[in-house]
Amino acid sequence: MRKKGIGLSLGLAAILASFVLNGCSVLGTVDAPVGGEADVLALAAGETEEESEDSGVSRLEEIKERGYMTVATEPYFAPNEFIDPSKSGDDRYVGADIELAHYIADHLGVECRIVPLDFTAVLSSVSEGKYDMAISALAYTPARAQAMELSKGYYYDEETVWYGLLVRNEDLDDIKSADDLGDKTVVVQSGSLQELFAQEQIPAYKDLKLVSATTDGFLMVQENKADACVTAAATAELYLEANPNCGMSMVPDFRFTVDESTQGTRIGMKKGETELCDAVNAIIDEMTEEGLYKEWYQEYSDYAASLGIN
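Parameters at a glance
Each chain carries its own residue numbering, running from 1 in the written order of its sequence. Only residues with pLDDT of at least 70 get local features here, since the model is predicted, and only at 80 or more are side-chain atom pairs given and counted; chain-wide, interface and lining totals rely on the full set of residues. Calculation of side-chain values draws on the structure's entire complement of heavy atoms; hydrogens and water are dropped beforehand. Criterion used throughout: strands pair if DSSP finds at least two bridges between them. Strands here are runs of E lasting at least two residues and helices are runs of H or I lasting at least four, both read from the DSSP assignment and numbered beginning at the N terminus. In this analysis an axis means a line fitted to C-alpha atoms, helices contributing only their contacting stretch, and an angle means the value between N-to-C directions, from 0 to 180 degrees. Whether two residues touch is decided by their heavy atoms; if any such pair falls within 4.5 Å, the residues are in contact. The scheme is simple: roughly parallel for angles under 35 degrees, roughly antiparallel for over 145, roughly perpendicular for 65 to 115, oblique for anything else. Basically, the charged four are Asp, Glu, Lys and Arg, the nonpolar ten are Ala, Val, Leu, Ile, Met, Phe, Trp, Tyr, Cys and Pro, and anything else, Gly included, counts as polar. We define a salt bridge as a side-chain nitrogen of Lys or Arg found within 4 Å of a carboxyl oxygen belonging to Asp or Glu. Burial classes follow relative accessibility: with a 1.4 Å probe on protein chains only, a residue under 20% of its type's maximum area counts as buried, one over 50% as exposed, and anything between as partly exposed. What a helix should span is 1.5 Å times the count of its residues minus one.

Peer 1: Run through the sheet that holds strand 8 (residues 185-189), naming residues and quoting values.
Peer 2: The strand order across the open sheet formed by five strands is 9-8-10-7-11, and the pairing between neighbours is mixed. With one partner strand each, in any of the chains shown, strand 9 (207-211) and strand 11 (248-250) form the two edges of the open sheet. Taken over all neighbouring pairs, the strand axes of this sheet differ in orientation by 30° on average, direction set aside. Both strand 8 and strand 9 contribute to a ladder of five bridges, which runs parallel. Across the sheet, residue Val187 finds its bridge partner in strand 9, namely Lys209. Of the strands in this sheet, strand 7 (163-168), strand 10 (228-232) and strand 11 are in contact with helix 9 (residues 233-242), which crosses strand 10 at around 110°.

Peer 1: Give me the packing of helix 3 (residues 59-66) against helix 10 (residues 274-290): which residues, what numbers.
Peer 2: For the pair helix 3 and helix 10, the least separation of the axes is 6 Å and the interaxial angle reads 70°. As the angle between them shows, helix 3 and helix 10 are arranged roughly perpendicular. On the side of helix 3, the interface is formed by Arg59, Leu60 and Ile63, while helix 10 contributes Glu275, Leu276 and Ala279. Per-class residue counts for the contact of helix 3 with helix 10 are four nonpolar, no polar and two charged.

Peer 1: Tell me about the sheet that holds strand 1 (residues 68-73), and please be specific about residues and values.
Peer 2: The strand order across the open sheet built from five strands is 4-1-5-12-6, with neighbouring strands paired in mixed fashion. The strands lining the two open edges of the sheet, one partner per strand, are strand 4 (111-116) and strand 6 (148-150). On average, each strand axis in the sheet is inclined to that of its neighbour by 30°, with strand direction left out of account. Where helix 3 meets the sheet, it contacts strand 1 and strand 12 (266-270), and its direction lies at approximately 115° from that of strand 1. Sitting on the sheet, helix 10 touches strand 5 (133-138), strand 6 and strand 12, and the angle it makes with strand 12 is about 160°.

Peer 1: Hey, could you go over the pattern of salt bridges for me, with residue numbers and the actual values?
Peer 2: Under the criterion given, the structure shown has nine salt bridges. Close ionic contact of Glu223 with Lys225 constitutes a salt bridge, the shortest N to O distance being 3.3 Å. Of the residues examined, Lys225 reaches a relative accessible area of 51% and is grouped as exposed. When salt bridges that share partners are traced, they join Arg59, Glu62, Arg66 and Asp132 into one network.

Peer 1: Residue-level account of helix 4 (residues 96-108), with values.
Peer 2: Taking 1.5 Å per residue, 13 residues should reach 18 Å; helix 4 reaches 19 Å between its end C-alpha atoms and fits that length. Considered for burial, the residues of helix 4 that qualify are Ala96, Asp97, Ile98, Leu100, Ala101, Tyr103, Ile104, Ala105 and Leu108. Downstream of helix 4 by one or two residues, Gly109 has phi in the positive range, about 75°.

Peer 1: Can you break down unusual backbone geometry residue by residue, with the values?
Peer 2: Note the cis peptide between Ala78 and Pro79, where omega equals 5°. A positive phi angle is found at Asn224, which is not glycine, with a value near 65°. Within the secondary structure layout, Asn224 lies in the loop between helix 8 (214-222) and strand 10. Taking relative accessible area as the criterion, Asn224 reaches 53% and is therefore assigned exposed. The phi angle at Asp253 is positive, at roughly 60°, despite the residue not being glycine. Inspection of the secondary structure puts Asp253 in the loop between strand 11 and strand 12.

Dropping the structure here:
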(Lines give C-alpha, C1' and ligand atoms only; values in the text may rest on other atoms or scores of the structure.)
Protein backbone atom coordinates (compact mmCIF):
# COMPACT_ATOMS: atom_id res chain seq x y z
CA MET A 1 0.00 0.00 0.00
CA ARG A 2 1.89 3.09 -0.70
CA LYS A 3 1.31 5.43 -0.76
CA LYS A 4 -0.39 7.13 0.27
CA GLY A 5 -1.81 10.79 -0.43
CA ILE A 6 -4.70 12.87 0.82
CA GLY A 7 -7.37 15.22 -0.43
CA LEU A 8 -6.43 18.67 0.80
CA SER A 9 -8.73 21.20 2.42
CA LEU A 10 -7.87 24.86 1.90
CA GLY A 11 -6.44 24.98 5.41
CA LEU A 12 -4.09 22.10 4.80
CA ALA A 13 -3.17 23.45 1.40
CA ALA A 14 -2.10 26.65 3.14
CA ILE A 15 0.09 24.65 5.48
CA LEU A 16 1.70 22.90 2.51
CA ALA A 17 2.31 26.28 0.93
CA SER A 18 4.09 27.41 4.09
CA PHE A 19 6.31 24.34 3.87
CA VAL A 20 7.31 25.35 0.36
CA LEU A 21 8.14 28.85 1.57
CA ASN A 22 10.30 27.28 4.27
CA GLY A 23 12.36 25.49 1.62
CA CYS A 24 10.47 22.23 1.15
CA SER A 25 9.55 21.60 -2.45
CA VAL A 26 6.28 19.74 -2.84
CA LEU A 27 7.57 18.06 -5.98
CA GLY A 28 11.19 17.70 -4.96
CA THR A 29 13.11 15.74 -2.36
CA VAL A 30 13.02 17.23 1.12
CA ASP A 31 16.40 17.25 2.85
CA ALA A 32 15.04 18.18 6.28
CA PRO A 33 11.89 17.34 8.23
CA VAL A 34 8.75 19.07 7.00
CA GLY A 35 8.01 22.32 8.84
CA GLY A 36 11.61 22.97 9.89
CA GLU A 37 11.80 20.53 12.79
CA ALA A 38 15.50 21.24 13.28
CA ASP A 39 15.55 19.99 16.85
CA VAL A 40 14.15 16.62 15.85
CA LEU A 41 16.58 16.35 12.93
CA ALA A 42 19.55 17.13 15.16
CA LEU A 43 18.73 14.58 17.82
CA ALA A 44 17.90 11.84 15.32
CA ALA A 45 20.61 12.39 12.72
CA GLY A 46 23.27 13.10 15.30
CA GLU A 47 22.67 10.98 18.37
CA THR A 48 20.82 8.05 16.85
CA GLU A 49 23.13 7.19 13.95
CA GLU A 50 26.38 7.69 15.84
CA GLU A 51 25.27 5.83 18.94
CA SER A 52 23.93 2.89 16.95
CA GLU A 53 27.18 2.43 15.01
CA ASP A 54 29.70 3.17 17.79
CA SER A 55 28.17 1.82 20.99
CA GLY A 56 28.21 -1.85 20.05
CA VAL A 57 24.68 -2.34 21.35
CA SER A 58 21.64 -3.28 19.30
CA ARG A 59 19.19 -0.64 18.14
CA LEU A 60 16.57 -2.05 20.54
CA GLU A 61 18.93 -1.72 23.51
CA GLU A 62 19.91 1.76 22.38
CA ILE A 63 16.26 2.87 22.17
CA LYS A 64 15.58 1.64 25.69
CA GLU A 65 18.75 3.27 27.05
CA ARG A 66 18.04 6.68 25.53
CA GLY A 67 14.36 6.56 26.44
CA TYR A 68 12.82 7.46 23.09
CA MET A 69 12.43 6.12 19.58
CA THR A 70 12.42 8.16 16.36
CA VAL A 71 9.78 7.38 13.74
CA ALA A 72 10.08 8.71 10.19
CA THR A 73 6.80 9.27 8.34
CA GLU A 74 5.40 11.19 5.40
CA PRO A 75 2.38 12.94 6.97
CA TYR A 76 0.28 13.38 3.82
CA PHE A 77 -1.58 10.09 3.62
CA ALA A 78 -4.85 10.07 5.53
CA PRO A 79 -6.02 8.11 7.39
CA ASN A 80 -2.63 6.51 8.04
CA GLU A 81 -0.71 9.71 8.77
CA PHE A 82 -1.69 13.32 8.24
CA ILE A 83 -1.57 16.78 9.79
CA ASP A 84 -4.23 18.34 12.01
CA PRO A 85 -3.71 22.07 11.27
CA SER A 86 -5.46 23.03 14.53
CA LYS A 87 -2.66 21.49 16.59
CA SER A 88 1.03 22.25 17.03
CA GLY A 89 4.26 20.36 17.66
CA ASP A 90 4.17 16.58 17.58
CA ASP A 91 0.45 16.67 18.40
CA ARG A 92 -0.32 17.84 14.87
CA TYR A 93 0.78 14.48 13.43
CA VAL A 94 -2.17 12.13 13.66
CA GLY A 95 -3.48 8.97 12.03
CA ALA A 96 -3.66 5.22 12.42
CA ASP A 97 0.09 4.81 11.87
CA ILE A 98 0.82 7.51 14.45
CA GLU A 99 -1.30 5.59 16.95
CA LEU A 100 0.69 2.47 16.08
CA ALA A 101 3.97 4.31 16.63
CA HIS A 102 2.87 5.42 20.09
CA TYR A 103 1.54 1.93 20.84
CA ILE A 104 4.95 0.43 20.05
CA ALA A 105 6.73 3.09 22.10
CA ASP A 106 4.46 2.43 25.08
CA HIS A 107 5.21 -1.29 24.90
CA LEU A 108 8.93 -0.59 24.77
CA GLY A 109 8.58 1.82 27.68
CA VAL A 110 9.93 4.83 25.78
CA GLU A 111 8.81 8.14 24.30
CA CYS A 112 7.81 8.34 20.62
CA ARG A 113 9.27 11.19 18.55
CA ILE A 114 7.75 11.73 15.09
CA VAL A 115 10.04 12.87 12.26
CA PRO A 116 8.02 14.14 9.25
CA LEU A 117 9.81 13.69 5.93
CA ASP A 118 9.38 13.43 2.19
CA PHE A 119 8.60 9.76 1.42
CA THR A 120 11.86 9.06 -0.39
CA ALA A 121 13.70 10.52 2.60
CA VAL A 122 11.68 8.25 4.90
CA LEU A 123 13.03 5.23 3.04
CA SER A 124 16.64 6.37 2.71
CA SER A 125 17.02 7.74 6.23
CA VAL A 126 15.75 4.58 7.91
CA SER A 127 17.77 2.27 5.68
CA GLU A 128 20.84 4.35 6.61
CA GLY A 129 20.00 4.06 10.32
CA LYS A 130 19.36 7.76 10.77
CA TYR A 131 16.02 7.03 12.46
CA ASP A 132 14.76 3.97 14.28
CA MET A 133 11.66 3.10 12.26
CA ALA A 134 9.69 4.05 9.19
CA ILE A 135 5.98 3.87 9.95
CA SER A 136 4.41 5.36 6.86
CA ALA A 137 2.02 2.91 5.19
CA LEU A 138 4.91 0.97 3.68
CA ALA A 139 4.16 -1.88 1.34
CA TYR A 140 6.53 -4.76 0.74
CA THR A 141 8.73 -4.60 -2.33
CA PRO A 142 11.78 -6.79 -3.05
CA ALA A 143 14.06 -3.73 -3.24
CA ARG A 144 12.71 -2.42 0.05
CA ALA A 145 13.23 -5.79 1.73
CA GLN A 146 16.86 -5.76 0.57
CA ALA A 147 17.45 -2.25 1.91
CA MET A 148 15.83 -2.62 5.34
CA GLU A 149 14.23 -4.99 7.80
CA LEU A 150 10.49 -5.14 7.22
CA SER A 151 8.04 -6.15 9.92
CA LYS A 152 5.21 -8.57 9.32
CA GLY A 153 2.10 -6.99 7.83
CA TYR A 154 -0.14 -5.15 10.26
CA TYR A 155 -3.00 -4.06 8.03
CA TYR A 156 -4.77 -6.03 5.31
CA ASP A 157 -7.94 -4.96 3.56
CA GLU A 158 -8.48 -6.70 0.26
CA GLU A 159 -11.79 -4.90 -0.32
CA THR A 160 -10.38 -1.37 -0.24
CA VAL A 161 -6.68 -1.83 -1.03
CA TRP A 162 -6.34 -2.06 -4.79
CA TYR A 163 -4.42 -0.04 -7.33
CA GLY A 164 -5.45 1.58 -10.57
CA LEU A 165 -5.26 4.69 -12.75
CA LEU A 166 -6.57 8.17 -11.99
CA VAL A 167 -7.28 10.15 -15.17
CA ARG A 168 -9.22 13.19 -16.30
CA ASN A 169 -12.88 12.47 -16.98
CA GLU A 170 -12.48 13.61 -20.59
CA ASP A 171 -9.93 10.83 -21.15
CA LEU A 172 -11.99 7.94 -19.80
CA ASP A 173 -12.99 6.87 -23.31
CA ASP A 174 -9.35 6.73 -24.42
CA ILE A 175 -7.77 5.19 -21.29
CA LYS A 176 -9.47 1.98 -20.26
CA SER A 177 -6.43 0.05 -19.02
CA ALA A 178 -2.64 0.12 -18.78
CA ASP A 179 -2.52 -0.96 -22.44
CA ASP A 180 -3.76 2.48 -23.52
CA LEU A 181 -0.83 4.50 -22.14
CA GLY A 182 1.68 4.08 -24.96
CA ASP A 183 1.46 7.75 -26.00
CA LYS A 184 0.65 9.10 -22.54
CA THR A 185 2.59 10.66 -19.67
CA VAL A 186 2.25 8.64 -16.48
CA VAL A 187 3.02 9.96 -13.00
CA VAL A 188 3.69 7.96 -9.85
CA GLN A 189 5.14 8.46 -6.38
CA SER A 190 8.85 7.75 -6.29
CA GLY A 191 9.86 4.72 -4.25
CA SER A 192 6.32 3.43 -3.93
CA LEU A 193 4.78 0.07 -4.73
CA GLN A 194 2.88 1.91 -7.45
CA GLU A 195 6.19 2.75 -9.15
CA LEU A 196 6.86 -0.98 -9.37
CA PHE A 197 3.43 -1.48 -10.98
CA ALA A 198 4.23 1.27 -13.51
CA GLN A 199 7.55 -0.31 -14.40
CA GLU A 200 6.33 -3.91 -14.61
CA GLN A 201 2.68 -3.76 -15.65
CA ILE A 202 2.39 -0.83 -18.06
CA PRO A 203 3.52 -2.16 -21.48
CA ALA A 204 4.55 1.28 -22.77
CA TYR A 205 4.24 4.97 -22.00
CA LYS A 206 5.57 8.18 -23.54
CA ASP A 207 7.05 9.41 -20.27
CA LEU A 208 7.13 8.33 -16.61
CA LYS A 209 7.33 11.15 -14.11
CA LEU A 210 8.20 10.59 -10.44
CA VAL A 211 6.92 12.81 -7.65
CA SER A 212 7.50 12.82 -3.90
CA ALA A 213 3.83 12.66 -2.88
CA THR A 214 0.81 11.04 -4.50
CA THR A 215 -1.18 14.27 -4.27
CA ASP A 216 1.46 15.93 -6.46
CA GLY A 217 0.66 13.29 -9.07
CA PHE A 218 -3.06 14.00 -8.78
CA LEU A 219 -2.41 17.71 -9.33
CA MET A 220 -0.27 16.99 -12.38
CA VAL A 221 -3.11 15.03 -13.98
CA GLN A 222 -5.63 17.68 -13.01
CA GLU A 223 -3.43 20.43 -14.51
CA ASN A 224 -2.76 18.50 -17.77
CA LYS A 225 0.91 17.95 -16.90
CA ALA A 226 0.36 14.18 -16.94
CA ASP A 227 -2.33 11.91 -18.32
CA ALA A 228 -2.62 9.20 -15.66
CA CYS A 229 -1.52 8.66 -12.09
CA VAL A 230 -0.85 5.17 -10.76
CA THR A 231 -2.43 5.17 -7.31
CA ALA A 232 -4.05 3.21 -4.54
CA ALA A 233 -7.80 3.43 -5.09
CA ALA A 234 -8.51 4.41 -1.48
CA THR A 235 -6.09 7.34 -1.75
CA ALA A 236 -7.71 8.55 -4.96
CA GLU A 237 -11.20 8.17 -3.54
CA LEU A 238 -10.31 10.32 -0.54
CA TYR A 239 -8.98 13.01 -2.85
CA LEU A 240 -11.99 12.87 -5.17
CA GLU A 241 -14.40 13.15 -2.26
CA ALA A 242 -12.58 16.21 -0.96
CA ASN A 243 -12.31 17.74 -4.45
CA PRO A 244 -15.59 16.86 -6.21
CA ASN A 245 -15.02 19.40 -9.01
CA CYS A 246 -11.50 18.29 -9.91
CA GLY A 247 -12.70 16.60 -13.11
CA MET A 248 -10.97 13.27 -12.51
CA SER A 249 -11.99 9.65 -11.94
CA MET A 250 -10.48 6.23 -11.46
CA VAL A 251 -10.48 4.16 -14.63
CA PRO A 252 -13.37 1.72 -14.12
CA ASP A 253 -12.91 -2.04 -14.40
CA PHE A 254 -9.13 -1.90 -14.27
CA ARG A 255 -6.79 -2.99 -11.49
CA PHE A 256 -3.09 -3.66 -11.35
CA THR A 257 -2.21 -7.23 -10.39
CA VAL A 258 -1.04 -7.45 -6.79
CA ASP A 259 1.25 -10.28 -5.74
CA GLU A 260 0.58 -11.83 -2.33
CA SER A 261 4.11 -10.91 -1.24
CA THR A 262 3.22 -7.22 -1.48
CA GLN A 263 0.22 -7.45 0.81
CA GLY A 264 0.05 -5.98 4.28
CA THR A 265 1.35 -2.64 5.50
CA ARG A 266 4.83 -2.93 7.08
CA ILE A 267 7.25 -1.11 9.38
CA GLY A 268 10.79 -0.50 8.13
CA MET A 269 13.96 -0.66 10.25
CA LYS A 270 17.69 -0.59 9.51
CA LYS A 271 18.96 -3.77 7.88
CA GLY A 272 20.42 -6.18 10.43
CA GLU A 273 18.41 -4.91 13.40
CA THR A 274 16.65 -8.24 13.79
CA GLU A 275 16.24 -7.91 17.55
CA LEU A 276 14.24 -4.72 17.09
CA CYS A 277 12.26 -6.27 14.25
CA ASP A 278 11.39 -9.29 16.41
CA ALA A 279 10.22 -7.01 19.22
CA VAL A 280 8.10 -4.98 16.80
CA ASN A 281 6.58 -8.15 15.33
CA ALA A 282 5.59 -9.35 18.81
CA ILE A 283 3.88 -6.01 19.46
CA ILE A 284 2.14 -6.20 16.07
CA ASP A 285 0.85 -9.67 17.01
CA GLU A 286 -0.68 -8.28 20.21
CA MET A 287 -2.17 -5.28 18.41
CA THR A 288 -3.63 -7.50 15.67
CA GLU A 289 -5.16 -9.87 18.20
CA GLU A 290 -6.94 -6.92 19.82
CA GLY A 291 -8.11 -5.60 16.43
CA LEU A 292 -6.77 -2.16 17.23
CA TYR A 293 -5.42 -1.04 13.88
CA LYS A 294 -8.74 -1.42 12.06
CA GLU A 295 -10.36 0.60 14.84
CA TRP A 296 -7.74 3.32 14.46
CA TYR A 297 -8.10 3.25 10.67
CA GLN A 298 -11.84 3.89 10.89
CA GLU A 299 -11.42 6.48 13.65
CA TYR A 300 -8.93 8.50 11.63
CA SER A 301 -10.89 8.12 8.41
CA ASP A 302 -13.70 9.94 10.23
CA TYR A 303 -11.22 12.37 11.79
CA ALA A 304 -9.73 13.26 8.40
CA ALA A 305 -13.22 13.76 6.97
CA SER A 306 -14.06 16.16 9.82
CA LEU A 307 -11.02 18.26 8.85
CA GLY A 308 -11.98 18.27 5.17
CA ILE A 309 -9.16 15.82 4.37
CA ASN A 310 -11.49 13.29 2.79
